[in-house]
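Topology and contacts: notes
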Amino acid sequence: MTAVRKMPLAPLVGCFGVFVTMGLLVSTLGPLLPGIRAEFGVGPQDAGLLVSAVPLGCIAGTLIVLFLNRRFHARVLLAATGVTMAVGLVGAATTPSWWLVCGSLVIVGMGYGAATALVNGVIAVAYGSRSAGLLNLLNGVFGVAAVVGPFVVSGLAGGLPGLPPRFAYLPYVLVAIFSAVLVSRLPTGFSTIPEGAAAPEVLADSPSRGPVRNTQLQSYGRLALVAAMLGSYVATEVAASSFATTHLLAAGADAGTAVRATSLFYVGLAGGRLLVVPVAARIGAGRLMLGCAGLAAGLLVVTWALPLGGFTYLLVGAAMGPIFPTALAWVSGQGLGRDALPIALTAANIGGLILPPIIGAVIGAVGATAAPLPMAASVAISALLISYLLFSARRSSVK
């Protein structure tokens, strides 16, 4: 068992700073999207591709972590995530080409995806069984930053006459660089890999080799199902934060109300995660995720039928909030191998890559008022996959 070691204050603050940067940037593309579309004269399908740029980068970032995690110290990789996000943000704010903006957001996503795996991993290993509270606080800070982000970029964009609204990304660069400097002070003894962790490999030839192989395949199967479920969830989270403004503008809301919807979604997301902490253990991971996914699907249908000035996005966020951290906790506690977390995160981000262009196509075909329906279908798929996992676990326990 890995010894619990208290992380020095400076790199710990840097880890929180990385998540502040992530929270700020993840919630601001939606409010900036109408302005970016107008600047470059692109349609809704191209806008969907832009929204997919960050998840695409996230996939690359988590794969890079998977490859480099044993080759470089955690502090080097953590510092690189902040620098990578800063470089991408500068490009997204200043490049003159639509495709260069897309490429810059891929770079932002690379830093984002790597940071998600690295920061969660290094804190979980450093604090062991006492990490749950700190990780919840970390997610709370991310949520607060995500709530503030749309108001920050809206205020900055309004104060930049003659300049593209995306120039509002530039102040986030300072936060990312400051965080990179702090995490670079992490001692070399800290890692994202627990001592003694091993991949679920087939053991040497023995009479029990068959059962061991079956156990390995079952572990990979569970990991694949959870990754697919996370992909459906991440797709809905990315889409809801990115298209809420577009949806409400089409539904007749004023610009201020439409921008606030993204913040309301993240208020709900952060609040939902924090509120279930006292009861999560009693409910159980599977039932908690199933209830949240089913409720979110229903609320997204309500959002399509009756947006209520964006208030329904607050409820959608609250319903969805507990799903992601609960699923990550499940992955960490199932003995699925030392690389299970980055593998699951890589697969999960594929959902965020696929759904936005689909929503862009739906918007182009029938209008932006229908945007919540593909989101509802995606999170409903999560509910179905969770149901299958619960059913399989119950059937195995009966046998």
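Throughout this description, residue numbers start from 1 for each chain and increase along the sequence as written. The predicted origin of the model limits local features to residues at a pLDDT of at least 70 and limits the giving and counting of side-chain atom pairs to 80 or more, whereas totals for whole chains, interfaces and linings rest on all residues. Excluded from the side-chain calculation are hydrogens and water; included are all heavy atoms of the structure.

This brings us to the overall build of the protein chain. Each helix is a run of DSSP H or I of at least 4 residues and each strand a run of E of at least 2, with the numbering of both proceeding from the N terminus. Scanning the protein chain from N- to C-terminus turns up 15 helices and zero strands. Three labels apply to residues, based on accessible area from a 1.4 Å probe with only protein chains included: buried if under 20% of the type maximum, exposed if over 50%, partly exposed otherwise in between. Among the 399 residues that make up the protein chain, the fraction classed as buried is 52%. At a minimum sequence separation of 6, the contacts of the protein chain that also span at least 24 residues come to 83%. Here the Shrake-Rupley method, with its probe set to 1.4 Å, supplies the accessible areas, and only the displayed protein chains count as covering residues. If you sum the accessible surface of the protein chain, you get close to 16300 Å²; carbon and sulfur atoms cover 70% of it. Every residue pair with non-hydrogen atoms within 4.5 Å of one another is taken to be in contact.

As a rule of thumb, soluble globular proteins bury nonpolar side chains together. Note on terminology: a nonpolar core comprises buried Ala, Val, Leu, Ile, Met, Phe, Trp, Tyr and Cys residues joined through side-chain atoms within 4.5 Å. Membership of the largest hydrophobic core comes to 117 residues, with the highest contact counts inside it found for Met7, Leu50 and Ile123. Take this core: its biggest share by element is 15 residues, from helix α5 (residues 98-127). Aside from chain neighbours lying at most four places away, what touches Met7 is Leu12, Cys15, Val122, Ile123, Ala126, Tyr127, Leu186 and Phe190.

As a further point, take the environment of Ala293. Mapped onto the elements, Ala293 comes out in helix α11 (residues 285-305). Between the alpha carbons of Ala293 and Ile323 there is a distance of 7.3 Å; along the sequence they are 30 residues apart. Setting aside chain neighbours within four positions, we find Ala293 in contact with Ile323, Val379, Ser382, Ala383 and Ile386.

On to the packing of helix α1 (residues 9-26) against helix α7 (residues 170-183), then. Interaxial angle, 0 to 180 degrees, is taken between N-to-C directions of lines fitted to C-alpha atoms, where a helix line uses only the stretch in contact. The N-to-C vectors of α1 and α7 enclose an angle of 155 degrees; their axes lie 7 Å apart at closest approach. Considered as vectors, α1 and α7 are oriented roughly antiparallel to each other. The element α1 and its partner α7 pack so that their crossing is left-handed. Residue-level contacts link Ala10, Pro11, Val13, Gly14, Cys15, Gly17, Val18, Val20, Thr21, Leu24 and Leu25 of α1 to Tyr172, Val175, Ala176, Ser179, Leu182 and Val183 of α7. For the contact of α1 with α7, the class distribution of residues is 13 nonpolar, four polar and no charged. Oblique is the label for any angle not covered by the other classes, which are roughly parallel (under 35 degrees), roughly antiparallel (over 145) and roughly perpendicular (65 to 115). The sense of a crossing depends on the near helix, which, turned anticlockwise from the far helix by less than a right angle, makes the crossing left-handed and, turned clockwise, makes it right-handed. Any residue outside Ala, Val, Leu, Ile, Met, Phe, Trp, Tyr, Cys, Pro, Asp, Glu, Lys and Arg is labelled polar, Gly included; the first ten of those are nonpolar and the last four are charged.

One side-chain nitrogen of Lys or Arg within 4 Å of one carboxyl oxygen of Asp or Glu is enough to make a salt bridge. If you walk through the whole model with that rule in mind, you get two salt bridges. A salt bridge links Arg166 to Glu39, with the shortest nitrogen-to-oxygen separation between them at 2.9 Å. Here Glu39 lies in helix α2 (residues 29-40) and Arg166 lies in the loop between α6 (131-158) and α7, a separation of 127 residues in the sequence. A salt bridge links Glu237 to Arg273; its shortest N-O distance comes to 3.8 Å. One end of the pair, Glu237, is in helix α8 (residues 209-250); the other, Arg273, is in helix α9 (residues 255-275), with 36 residues separating them in the sequence. Grouping residues by exposure puts Glu237 and Arg273 together as buried.

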